[in-house]
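# Commentary on secondary and tertiary structure
So you can see what is in the structure, the chains are spelled out below.
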Amino acid sequence: MMEKNLTDSARLPKKSPLAKEELFSAYRTMLLTRLLDQKALSLHNQGKIGSYTSSAGQEAAQVGSVYGLQSRDYIFPYYRDQGVLLARGITPEQLLNRYFGNASDEMKGRDLPNLYSFREQRIFSNSAPIASNLQISVGFAMAAKMQKEDVVTIAYLGEGATSSGEFHVALNFAGVFKAPCIFVCENNQYAISVPVKRQTASENISVKAQAYGLAGETVDGNDFFAVQTAVAAAREKASKGMGATLVECITYRYSPHSSADDWKKYRSSEEVEEWKKKDPLIRFKNRLFEMSILSKEVEKKLFDGVQDQINSAVRSTENIPPPSEETLIEDVYAEIPKNLKKESLAFGGT
Ligand SMILES: Cc1ncc(C[n+]2csc(CCOP(=O)(O)OP(=O)(O)O)c2C)c(N)n1
């Protein structure tokens, strides 16, 4: 039964265009995202992984948006987007290899644990300066348009990133050239300790799209269906040459900004508890119960299955050694400079 205060947004379609299997799989991915996040935080607390930015609370915005795309579309995530990655098909092992920075990590242990790159799945690398992924996504969308490829790009950001110059440059360019791209702003109410009302004097984030001639929409970001519907519509528009959309997802992060800050210094426990009443997983689960896609027994099995999957992924990745020293200079030079060659020989390279 749906709890009274957890009403879904009014703009919800009566019938979801996604098949039952897809909705089931989307819920599984949201659950996997939440439980893997808990495991990552616990591994961090045990000193096994470095700094970590949690996605807890933002699963509907992340997974729902990917379910609005086609699998050929290109994704430009930001550091908190574990749900986006898992929805695109990245495995828990791949994420854990990244967090451990071990020899199986596709990025060879380089960069912060939450900066990702999965070329095969069309997930672009991101870097630490916030909003730096946005212009690249617009440029890539423009290139795809010029080559008449039917793909769109989707770039993710927090509301704090909308105060950066890059955000405005990216939206302006996308507006002028009608780039086939989507911007998804996960407005989780805080940029580290800065609340959204200190971030902007605009009535909301999506209204900023107007200035650049783009479509802008604010949706309930804790409602899988609302996000999926908005992104699917934005995708259709972009692929028909009708330009970009900024989709603002109103959501909340439950954990600290990263494993290195104390959220009690800038928000109250009561506020966090209020948002937990609107938990995206509970809401989606209740909808799936109503639609007879889930039952208590199935849900229990699903939960146990996801936990087993995570535990087995940790077992198979945590003892993989770090990348060998020679990898330090791989992929950097077409021809390795003499001095580095010498050093590389010193540590056993060729
Ligand atoms: C250009 C730039 N300025 C500042 C920072 C430091 N910084 C890292 S994360 C962050 C907060 C970003 O908040 P938001 O965009 O709302 O995303 P959230 O972390 O809340 O998901 C800041 C200021 C940075 N990485 N890059």
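Please read these numbers as outputs of a predicted model, since none were measured by experiment.

Parameters and conventions
By convention here, each chain's residues receive numbers from 1 onward along its written sequence. This being a predicted model, a pLDDT of at least 70 is required before a residue's local features are given, and a value of 80 or more before pairs of side-chain atoms are given or counted; all residues contribute to the totals for chains, interfaces and linings. Each side-chain value is worked out from all heavy atoms of the structure, with water and hydrogens disregarded. What counts as a domain boundary in this text is fixed by an automatic or database domain assignment. For the purposes of this entry, the term helix denotes a DSSP run of H or I that reaches at least four residues, the term strand denotes a run of E that reaches at least two, and both are numbered from the N terminus. Remark: exposure states derive from per-residue accessible area (1.4 Å probe, protein chains only) relative to the maximum for the residue type, with buried under 20%, exposed over 50%, and partly exposed in between. Within this scheme the basic residues Lys and Arg register as positive and the acidic residues Asp and Glu register as negative, but His and the chain ends are omitted. Throughout this description, the term salt bridge denotes a Lys or Arg side-chain nitrogen within 4 Å of a carboxyl oxygen of Asp or Glu. Polar contacts, as used here, are pairs of N or O atoms within 3.5 Å; protein pairs need one atom able to donate a hydrogen and one able to accept it. Residues neighboring in sequence count only if both atoms are side-chain atoms. What makes two residues a contact is simply this: any of their non-hydrogen atoms within 4.5 Å. Strand pairing is defined by DSSP finding a minimum of two bridges between the two strands. The definition of a right-handed crossover adopted here requires that, viewed with the strands pointing away, the path from the first strand over the helix to the second runs clockwise.

## A closer look at the domain arrangement of the chain
Segmentation of the chain into domains returns domain 1 (20–319) and domain 2 (325–350). Taken over C-alpha atoms, the centre of domain 1 sits 36 Å from the centre of domain 2.

## Section: the side chain of R253
Considering the arrangement of structural elements, one finds R253 in the loop between strand 7 (245–250) and helix 8 (269–276). Summary of buried charges: R253 has no salt-bridge partner, and the nearest side chain of opposite charge, D261, is 5.0 Å away. Polar side-chain contacts of R253 include one of 2.8 Å to the backbone oxygen of I192. Among the polar contacts made by the side chain of R253, one reaches the main-chain carbonyl oxygen of S255 at a distance of 2.9 Å. Apart from the residues within four sequence positions on either side, R253 is in contact with A56, Q58, R80, N188, Y190, I192, Y266 and R267.

## Re the pairing of strand 3 (residues 181–187)
Among the 7 residues in strand 3, 7 count as buried, and that is most of the element. For strand 2 (residues 153–158) and strand 3, the ladder comprises 6 bridges, and the chain directions are parallel. Counterpart to Y156 in the pairing with strand 3 is V184. With helix 6 (residues 165–177) bridging strand 2 and its parallel neighbour strand 3, the resulting β-α-β unit is right-handed. Where strand 3 lies against strand 7, 6 bridges are found, and the strand directions are parallel. Bridge pairing in strand 7 places E186 opposite C249.

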